[in-house]
Amino acid sequence: MPPLSEKFPWSCLPIGSDVYSRAMSHIVQERSIRGNILDGAALSKTIIEEIKGKLDRIRASGKPAPGLAVILAGDNPASAAYVGAKQRACEKAGFFSLLERLPETVAESELLGLIARLNSDPKIHGILVQLPLPAKIDSARVMQAIDPLKDVDGFHPVNVGKLTLGEDGLAPCTAVGCIEILKRYNIPIKGKKALVLGRSNIVGKPTSMLLLKENATVTMAHSQTLNLADEVRSADILVAAIGKPEFVKGNWIKESAVVIDVGISSVPNPAKPGHNRLVGDVEFLLARERAGWITPVPGGVGPMTIAMLLQNTLKAWNQIVAKNESPQ
Ligand code: GUN
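Keep in mind that this is a model prediction, so the values were computed, not measured. (Residues numbered from 1 in each chain as written. Predicted model: local features only at pLDDT ≥ 70, side-chain atom pairs only at ≥ 80, totals over all residues.)

Draft legend 1. Geometry of the confidence of the model for the protein. Chain-level statistics for the protein give a pLDDT mean of 92 and a share of 90% at 70 or above. Scored below 50 in pLDDT, residues 1-8 makes 4 contacts in the model with residues more than four places away or belonging to other chains. Throughout residues 27-31 the model reports pLDDT below 50, and contacts reaching past four residues in sequence, or to other chains, amount to 5 contacts. (pLDDT = per-residue confidence, 0-100. Contact = placed C-beta atoms within 7 Å.)

Spelled out as structure tokens, the structure:
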């Protein structure tokens with residue numbers, strides 16, 4: 001007979017403790033599932049397959065494959081892991097891919113020199129400088145050095161301006177990924193009340209602009225917002241991007257709302273003492289009881305960001321080919 005703790009791992013937790021009640025609440029909630037899952041992992045695979053097909057046709061027509069250069073300065077392990085995932089997806093889809101690794105001590109002038117070379121390299125159509133950069137480097141100056149046509153992150157002021165004006169350009173991958181999930185699942189956006197939680201340049205601001213372009217009524221909330229729970233309660237679409245684990249409580253979610261959770265944090269796992277688990281900005285199980293649709297963490301927005309990087313690189317290739325083919 002196996003010990004009780006093997007069959008019921010929570011039985012070894014002290015009854016009445018915080019960890020015990022959290023573990024129990026997860027067990028109870030697992031039985032009252034409701035919202036449909038927005039499966040970003042599966043969707044990203046479909047999109048990457050579609051892109052691969054387009055790249056096969058480009059090569060078959062005798063043209064060179066689109067190329068992406070990724071610059072990683074320093075040895076931040078999380079950045080190295082993200083860059084690795086981006087590169088693997090890139091190579092799988094058939095892009096020409098280049099990784100430029102620079103030491104933490106790299107001079108800004110050296111980084112700017114590398115970007116200048118990549119700007120004029122005909123094999124490269126997309127340039128991504130992984131953030132954060134080493135502290136002594138001016139990130140804004142680095143972003144501005146990238147040719148806006150090759151700016152697959154959509155961080156250059158020209159692309160930020162185009163996004164704000166509602167013009168076609170390159171928009172930040174995570175923001176595009178959030179909208180792509182909604183569109184691919186045929187979730188209506190027009191006229192809906194959308195709340196974007198978080199005002200970062202990478203996610204919150206561009207996602208708000210893209211939702212506005214889709215004719216949502218957009219509210220941006222942040223750390224200084226008063227009555228945040230009430231704002232969430234009235235949102236048909238919630239995009240949570242604040243990087244605070246399970247900050248948005250399940251009972252704040254409007255009935256049948258669509259929840260896009262951009263956050264990803266590693267926290268202690270109450271059901272497996274000594275282990276961690278990944279959670280988003282939203283209390284997933286409780287929110288799912290009320291939501292109509294919800295992204296899981298992991299497996300929601302994260303894989304979509306990578307798929308959108310490939311989509312942006314292909315878009316950059318198209319922009320550059322069109323520019324080179326048009327009469328000067
Ligand atoms: N660091 C975290 N997210 C991103 C991103 O989307 N692009 C880049 N370049 N760096 C990041």
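Draft legend 2. Region of the structure containing the sheet that holds strand β3 (residues 96-102). Ordered in space as β3-β2-β4, the 3 strands form an open sheet in which the pairing is parallel. Here the strands that pair on one side only, and so sit at the sheet edges, are β3 and β4 (126-129). Strand-to-strand twist across the sheet, computed as the mean angle between neighbouring axes with direction ignored, equals 15°. As paired elements, strand β2 (residues 67-73) and β3 share 7 bridges and run parallel to each other. If you follow leucine 72 over to β3, its bridge partner there is arginine 101. Running at roughly 170° to β2, helix α4 (residues 77-93) makes contact with β2 and β3 of the sheet. (Pairing = 2+ DSSP bridges. Helix = DSSP H or I, 4+ residues; strand = E, 2+ residues; numbered from the N terminus. Axes fitted to C-alpha atoms, helices over the stretch in contact; angles between N-to-C directions.)

Draft legend 3. A look at the site of the ligand. Around the ligand sit Leu128, Val129, Gln130, Leu131, Asp153, Cys173, Thr174 and Ile202, and those are all the residues in its vicinity. Elements supplying a minimum of two residues to the shell around the ligand: β4 and α8 (173-184). For the shell around the ligand, the domains that each give at least three residues are domain 1 (63-166) and domain 2 (172-302). (Near = placed C-beta within 6 Å. Domains from an automatic or database assignment.)

Draft legend 4. Structural detail: the pairing of strand β8 (residues 258-261). Taking every second residue as pointing to the same face, both faces of β8 are buried, with Val258 and Ile260 on one and Val259 and Asp261 on the other. Pairing geometry for strand β7 (residues 237-240) and β8, over 4 bridges, is parallel. Each residue of the ladder has a partner; that of alanine 240, found in β8, is aspartate 261. Taken together, the 2 bridges between β8 and strand β11 (residues 293-294) define a ladder with parallel strand orientation. Counted as the bridge partner of valine 258 is tryptophan 293 from β11. (Buried ≥ 20, exposed ≤ 12 C-beta atoms within 10 Å, placed from the backbone.)

Draft legend 5. Just the sheet that holds β7, in detail. Pairing within the open sheet is parallel, and its 6 strands lie in the order β1-β11-β8-β7-β5-β6. Sheet topology places β1 (36-37) and β6 (217-221) at the edges, where each strand pairs with a single neighbour. For strand β5 (residues 193-197) and β7, the ladder comprises 4 bridges, and the chain directions are parallel. Looking across to β7, one finds that leucine 197 is bridged to alanine 240.

Draft legend 6. Highlighting the environment of lysine 315. Mapped onto the fold, lysine 315 is located in helix α12 (residues 301-325). Put simply, lysine 315 and valine 152 are 163 residues apart on the chain and 8.6 Å apart in space, counted from C-alpha to C-alpha.

Draft legend 7. Fine view of unusual backbone geometry. In this chain, leucine 131 is followed by proline 132 through a cis amide linkage whose omega measures 0°. Of note, proline 132 is situated in the loop between β4 and α6 (139-145). In this chain, valine 297 is followed by proline 298 through a cis amide linkage whose omega measures 0°. Phi at asparagine 186 takes a positive value of approximately 55°, unusual for a residue other than glycine. Mapped onto the elements of the fold, asparagine 186 is located in the loop between α8 and β5. Of the residues examined, asparagine 186 has 6 C-beta atoms within 10 Å and is grouped as exposed. Phi is positive for asparagine 215, which is not a glycine, with a value near 70°.

Draft legend 8. Region of interest: the packing of α8 against helix α9 (residues 204-213). Between α8 and α9, the least distance of the axes is 8 Å, while the angle of their chain directions is 40°. Between α8 and α9, the interaxial angle falls into the category oblique. Between α8 and α9 lies a crossing of right-handed hand. Two secondary-structure elements touch here, α8 through Ala175, Val176, Cys178 and Ile179 and α9 through Pro206, Thr207 and Leu210. Of the residues contributing to the contact of α8 with α9, the split by class is 6 nonpolar, 1 polar and no charged. (Parallel < 35°, antiparallel > 145°, perpendicular 65-115°, else oblique. Left-handed = near helix turned anticlockwise from the far one by under 90°. Nonpolar A, V, L, I, M, F, W, Y, C, P; charged D, E, K, R; others polar.)

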